[in-house]
Protein chains: 2
Amino acid sequence: MASDSTKSMREQVTDYILSLQDEIVTALEKLDPSAPPFKRDSWTRAQGGQGQSCVFAVPPPSSQSTQKAHDQDHEKEQEKEKETVLEKAGVNISIVHGTLPPSAIKQMRADHESIPYDPERDTSLPFFAAGISLVIHPRNPSAPTVHANYRYFEVTAAPPPPPEVHPQPPTDDQTNSASAEEGGDKDKAAEPNVLAWWFGGGSDLTPSYLFEEDAKHFHGTLKSACDAHGEALFPAFKKWCDEYFFIPHRGESRGIGGIFFDDLTAEPHKRLPSSPSLSSKRPESPSEIFAFVRSCGDAFLPSYLPLLQRRMSAPSDEHKRRWQLLRRGRYVEFNLVYDRGTKFGLMTPGARIESILMSLPETARWEYMSDIGGDAESEEGRLIEVLKNPRSWV
Amino acid sequence: MASDSTKSMREQVTDYILSLQDEIVTALEKLDPSAPPFKRDSWTRAQGGQGQSCVFAVPPPSSQSTQKAHDQDHEKEQEKEKETVLEKAGVNISIVHGTLPPSAIKQMRADHESIPYDPERDTSLPFFAAGISLVIHPRNPSAPTVHANYRYFEVTAAPPPPPEVHPQPPTDDQTNSASAEEGGDKDKAAEPNVLAWWFGGGSDLTPSYLFEEDAKHFHGTLKSACDAHGEALFPAFKKWCDEYFFIPHRGESRGIGGIFFDDLTAEPHKRLPSSPSLSSKRPESPSEIFAFVRSCGDAFLPSYLPLLQRRMSAPSDEHKRRWQLLRRGRYVEFNLVYDRGTKFGLMTPGARIESILMSLPETARWEYMSDIGGDAESEEGRLIEVLKNPRSWV
């Protein structure tokens, strides 16, 4: 769990999300060896930064293969044969930097008072952000959709004026305050002066059909990952997850939750108890918080893969598929109307829209006054009940 | 074209949208006699008002009919037989009233200075709104989706205090200023005192495949409907439509436009020329503006039905269907992320979500970095070109 103290937090986070992406994509490809591999797609951002999207999608049948499928006696069988475990999935990382406009700085100060803000001067500040974001939509209606995202954010001081005007050596003040905790690289003149830093992330499950043992396994795995770093974390972040992934106009949650957190830094956190006691123990230093985030990230595959393996070949029919697509419609509603990350991305000039909207399912469905899900005794109604009244699973 | 001067504008608009709804639904049902009829669904709003949704949807095949379809030799034929012209459609009217909170009043004052606003006192005001809203998604990928909406809005003075406290007869000031133009009902003590009123609306076409003659017919019919009421209307409202139905994150329009207008009242309008000349003639009185709106509403069927008839049986294949569903994904993106009416509806407590989201297609599709539409020489690329560079069609 020890982090590499010779590297800055930026470098450590970058290393970690690169290896986590590879681990997750490899595991998903192993699960379905006959499916086409994920498409690896590297990109660079004109304003600074780069990323790698790993996306799974099955190309729709060409006209030729449609012709073949007209051999009617075997159509259903062929359909089965070519069915992949996943329908659409993306495991993306991005490592970007740029300049925050004064309006963004003003907003961020609400949670990060260490960012200086002078209302008299419209100052812009450099930022660095690195994260992994994934969404997996399996094909089988009994197999749940899952989402996870872990990210690190830094706001740094504006670079000193060009040396030919005001030559000045880096001072102690300009030392990266995050990496200082790791042992420091005070000799590196190029190290930026970090004014504020924080981690955010989470993971949540969106089933179309409720299997209580799946919900318990998913939540239980995340709870164990959290508890090792402080018992206050899971209850606080589970509640936050239920609040965040709520669709007000439907009066229901997007899914059955998991964990969600943001703005986690060395300062006291409004969602975590501040009095020092055993039950309020929490990670505080950069290395402690990064260790907690790695625990959560490492818990992704153990929390989800067993569910996928258990459900990917479950019996299905048109009714179940129809319900799954209706639920995917709700997923689209949440992501386009409420998700902060998506909205922020769509409003950002030069953002990579294809990566942002990768989270949308391949197909979604909307019915006016649908007759499915209304009967509380039906399998579909049982899910709705839990979406309207989030439950404690562990 | 003369309006019934013995009725208030509220009543006239209500009568009109009721008859227009009936006319449009009847015409669509006639076009496809073997399809199930539209589902008429009346509702009342707890906070005041009522409406009628007329919705077309084909119930998904039950398990039984699925069984039958397994008679493989005839499957394709049966598929053809049961295919309806429309895939999903809604023609809805609503006539509602209630109370505008101070925040809404403050916003509306930007375009309607006649609404009094006292920053010292948080005053709420009564409103009345009546409108027709329709979206038609045909099944055939060559047949375009269409949207239209016409509405009337009134803000009235707060009712006088209960008579037992301050008995006072209605004064001239409390006469409905909109209906006063019609000849007035000054004797009706119950007539509300209209502080501000306006009309809004428009109609726009969203094809998946571009047929220039369809675009010309649609725009030409709307232009004729507008031109009879002032030559400045169509150019101004065509431009407004292109601006409104734009999807910034895609850099393209939702469709190929039509007309869009709002806040049309007796006052000068920021989108219309104010100097009096032949080319700047515009409807000004309530009856003139209502006549213009009726012209547009009456033009709906002539603008669209011929296109639907022409394209509803066009040859189709899986490629065309896939492209149609991708375009429907864009339709969902616009409606959920940008459409003011949808956003306002989703945020309104007690709003009828099923009617608001009736505009969404039955099915939509998202592909990461889709390979369709990128080739400018392809049929799909030709549409994209027009969506990125709106054209003048008449």
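Note that the structure is predicted; figures quoted are calculated from it, not measured.

**Describing the overall build of chain A**
- When helices and strands are tallied, chain A shows 13 helices and 10 strands.
- Burial status across chain A gives 55% buried among its 394 residues.
- Within chain A, counting contacts between residues at least 6 apart in sequence, those at least 24 apart form 77% of the total.
- When the accessible surface of chain A is totalled, it reaches about 18,100 Å², and 52% of it is carbon and sulfur.

**Structural notes on the relation of the copies chain A and chain B**
- Taken as rigid bodies, chain A and chain B are interconverted by a rotation of 180° and an axial shift of 0.0 Å, the fit giving an RMSD of 0.0 Å. Both chain copies can therefore be described as sitting about a two-fold axis.
- Counting the interface residues of chain A, we find that 100% of their copies in chain B are interface residues as well, pointing to one common contact surface.

**A closer look at the environment of proline 36 of chain B**
Residues and elements named next belong to chain B.
- Its place among the elements puts proline 36 in the loop between helix H1 (9–31) and strand E1 (39–44).
- Separated by 220 residues in sequence, proline 36 and isoleucine 256 place their C-alpha atoms 30 Å apart.
- In this view, proline 36 contacts Phe56 and Thr84; residues no more than four positions away in its chain are not counted.

**Things to note about helix H13 (residues 379–388) of chain A**
- Of the residues making up H13 of chain A, those classed as buried are Glu380, Gly381, Leu383, Ile384, Val386 and Leu387 of chain A.
- Contacts made by the buried residues of H13 of chain A are with strand E8 (252–253) and helix H10 (318–337) of chain A.

**Description of the packing of aromatic side chains**
Residue and element names in this part refer to chain B.
- For the structure on display, the rule yields 42 aromatic pairs over all chains.
- Their ring planes at 40° and their centres at 6.4 Å tell us that tyrosine 150 and phenylalanine 261 sit as a pair that is tilted. Taken together, the residues tyrosine 150 in strand E5 (residues 145–156) and phenylalanine 261 in strand E9 (residues 258–264) connect sequence positions 111 residues apart.
- For tyrosine 150, a relative accessible area of 5% puts it in the buried group.
- Judged by its relative accessible area of 0%, phenylalanine 261 is buried.

**Looking at the interface of chain A and chain B**
- Counting residues at the interface gives 37 residues for chain A and 37 residues for chain B.
- With both sides pooled, the region where chain A packs onto chain B buries about 3,700 Å², and carbon together with sulfur makes up 59% of that total.
- Linking chain A to chain B there are four salt bridges.
- The salt bridge involving arginine 365 of chain A is made with glutamate 362 of chain B; its shortest N-O contact spans 3.6 Å.
- The interface formed by chain A and chain B contains 14 residue pairs in polar contact (both at pLDDT 80 or more).
- Every element with two or more residues in the side of chain A that touches chain B is listed here: strand E1 (39–44), strand E2 (49–57), H10, helix H11 (340–347), helix H12 (353–356) and strand E10 (363–365) of chain A.
- When residues of the side of chain A that touches chain B are assigned to their parent elements, the largest contribution, six residues, is made by H10 of chain A.
- Broken down by class, the residue content of the side of chain A that touches chain B amounts to 18 nonpolar, six polar and 13 charged.
- Taken together, the three bridges between E10 of chain A and strand E10 (residues 363–365) of chain B define a ladder with antiparallel strand orientation. From the neighbouring strand, alanine 364 of chain A faces E10 of chain B, where its bridge partner is alanine 364 of chain B.

**Details of the pairing of strand E6 (residues 194–206) of chain B**
Residues and elements named next belong to chain B.
- When you tally the buried positions in E6, you get 13 out of 13 residues, the bulk of the element.
- Judged from the 12 bridges that link them, E5 and E6 form a sheet pairing that is antiparallel. In the strand pairing of E6, tyrosine 152 is matched with phenylalanine 199.
- Note: E6 against E9, five bridges, orientation antiparallel. In the strand pairing of E9, phenylalanine 199 is matched with leucine 264.

**Description of the nonpolar core**
- Phe237 of chain A together with Phe237 of chain B are the most contacted members of the largest nonpolar core, which has 172 residues in total.
- Apart from residues lying up to four places away in sequence, phenylalanine 237 of chain B is in contact with Gly258, Ile259, Phe260, Phe261, Leu264, Leu272 and Phe292 of chain B.

**Examining the sheet that holds strand E6 (residues 194–206) of chain A**
Residues and elements named next belong to chain A.
- Read from one edge of the open sheet, seven strands run E1-E2-E3-E4-E5-E6-E9, paired in antiparallel fashion. Looking at which strands have only one partner, the edges of the open sheet turn out to be E1 and strand E9 (258–264). Within the sheet, the average angular offset between the axes of one strand and its neighbour, ignoring direction, is 10°.
- Of the strand pairs in this sheet, E2 and strand E3 (residues 86–100) are connected by nine bridges, and their pairing is antiparallel. Within E3, the residue paired with valine 55 across the bridge is glycine 90.

**Examining the pattern of salt bridges**
- Tallied over the entire structure, the rule returns 52 salt bridges over all chains.
- Notably, a salt bridge pairs arginine 340 of chain A with aspartate 262 of chain A, separated by 3.5 Å at the nearest N-O pair. Of this pair, arginine 340 of chain A sits in helix H11 while aspartate 262 of chain A is found in strand E9, placing the two residues 78 residues apart along the sequence.
- When the shortest N-O distance is used, the salt bridge between arginine 321 of chain B and glutamate 87 of chain B registers 2.9 Å. Taken together, the positions of arginine 321 of chain B in helix H10 (residues 318–337) and glutamate 87 of chain B in strand E3 (residues 86–100) put the pair 234 residues apart, joining distant regions of the chain.
- Each of Arg322, Arg365, Glu367 and Asp371 of chain A together with Glu362 of chain B takes part in a single network of salt bridges with overlapping partners.

**Thoughts on the sheet that holds strand E2 (residues 49–57) of chain B**
Residues and elements named next belong to chain B.
- The antiparallel open sheet is built from seven strands, whose spatial order is E1-E2-E3-E4-E5-E6-E9. Single-partner strands in this sheet number two, and they are E1 and E9. Averaged over all pairs of adjacent strands, the angle between their axes in this sheet comes to 10°, without regard to strand direction.
- In the packing of helix H6 (residues 212–227) onto the sheet, contacts are made with E5, E6 and E9, and the angle to E9 comes to roughly 35°.

**Description of the packing of H6 of chain B against helix H7 (residues 233–244) of chain B**
All names here are of chain B.
- Running from N to C, H6 and H7 cross one another at 130°; their axes reach a closest spacing of 8 Å. Classified by the angle between their axes, H6 and H7 sit oblique to one another. Seen from H6, the contacting residues are His219, Leu222, Lys223, Cys226 and Asp227; seen from H7, they are Leu233, Phe234 and Lys238.
- A per-class count over the contact of H6 with H7 returns four nonpolar, one polar and three charged.

**What to know about the state of the cysteines**
- A full pass over the atoms with the stated rule returns zero disulfides over all chains.
- Note on cysteine 241 of chain A: no disulfide assigned, nearest cysteine sulfur contributed by cysteine 226 of chain A at a separation of 11 Å.

**Some thoughts on the pairing of E3 of chain B**
Residue and element names in this part refer to chain B.
- Here E3 lies mainly inside the structure; 12 of its 15 residues are buried.
- Alignment of E3 against strand E4 (residues 125–138), held across 14 bridges, turns out to be antiparallel. Across the sheet, residue asparagine 92 finds its bridge partner in E4, namely serine 133.

**Structural notes on the side chain of threonine 156 of chain A**
- In this structure, threonine 156 of chain A sits in strand E5 (residues 145–156).
- Excluding residues within four positions of it along the chain, threonine 156 of chain A makes contact with Arg10, Leu125, Pro126, Pro192, Asn193, Val194 and Leu195 of chain A.

Basis of the calculations
Residue positions are counted from 1 within each chain, in the order its sequence is given. Lettering of chains starts at A and numbering of ligands starts at 1, both following the order in which they are written. Whole-chain, interface and lining totals are the exception, using all residues; otherwise, since this is a predicted model, local features are given only for residues with pLDDT of at least 70 and side-chain atom pairs are given and counted only at 80 or more. Side-chain numbers here rest on the full set of heavy atoms in the structure, without hydrogens or water. Secondary structure elements follow DSSP: runs of H or I of four or more residues count as helices, runs of E of two or more count as strands, with numbering from the N terminus. Type-normalised accessible area, obtained with a 1.4 Å probe on protein chains alone, sets the label of each residue: buried when under 20%, exposed when over 50%, and partly exposed for intermediate values. In this analysis, two residues are considered to be in contact whenever any of their non-hydrogen atoms come within 4.5 Å of each other. Working definition of accessibility: Shrake-Rupley area with a 1.4 Å probe, residue cover restricted to the visible protein chains. The least-squares superposition of copies is restricted to C-alpha atoms, and to residues with a pLDDT of at least 70 in both copies. Centre distance within 6.5 Å is the pairing criterion for rings of Phe, Tyr and Trp, where only the six-membered ring of Trp is used; planes under 30 degrees apart are then read as stacked, over 60 as edge-to-face, and the remainder as tilted. Reported buried area values correspond to the accessible surface (1.4 Å probe) lost by two parts on association, with both partners' losses combined. For salt bridges, the criterion is a side-chain nitrogen of Lys or Arg within 4 Å of an Asp or Glu carboxyl oxygen. Each polar contact in these results corresponds to two N or O atoms within 3.5 Å; when the atoms are within protein, one needs to be able to donate a hydrogen and the other to accept it, and residues that are neighboring in sequence are counted only if both atoms are side-chain atoms. By the convention adopted, Pro, Cys, Tyr, Trp, Phe, Met, Ile, Leu, Val and Ala count as nonpolar, Lys, Arg, Asp and Glu as charged, and the other residues, Gly among them, as polar. We treat two strands as partners when DSSP finds at least two bridges between them. Residues belong to one nonpolar core when they are buried, are Ala, Val, Leu, Ile, Met, Phe, Trp, Tyr or Cys, and are joined through side-chain atoms within 4.5 Å. An axis is simply a line fitted to the C-alpha atoms; with a helix, the fit covers only the stretch in contact. Between two such axes, the angle follows the N-to-C directions and lies from 0 to 180 degrees. Throughout, the term roughly parallel applies to angles under 35 degrees, roughly antiparallel to angles over 145, roughly perpendicular to angles from 65 to 115, and oblique to all others. Disulfides are defined as pairs of cysteine sulfur atoms found within 2.5 Å of each other.

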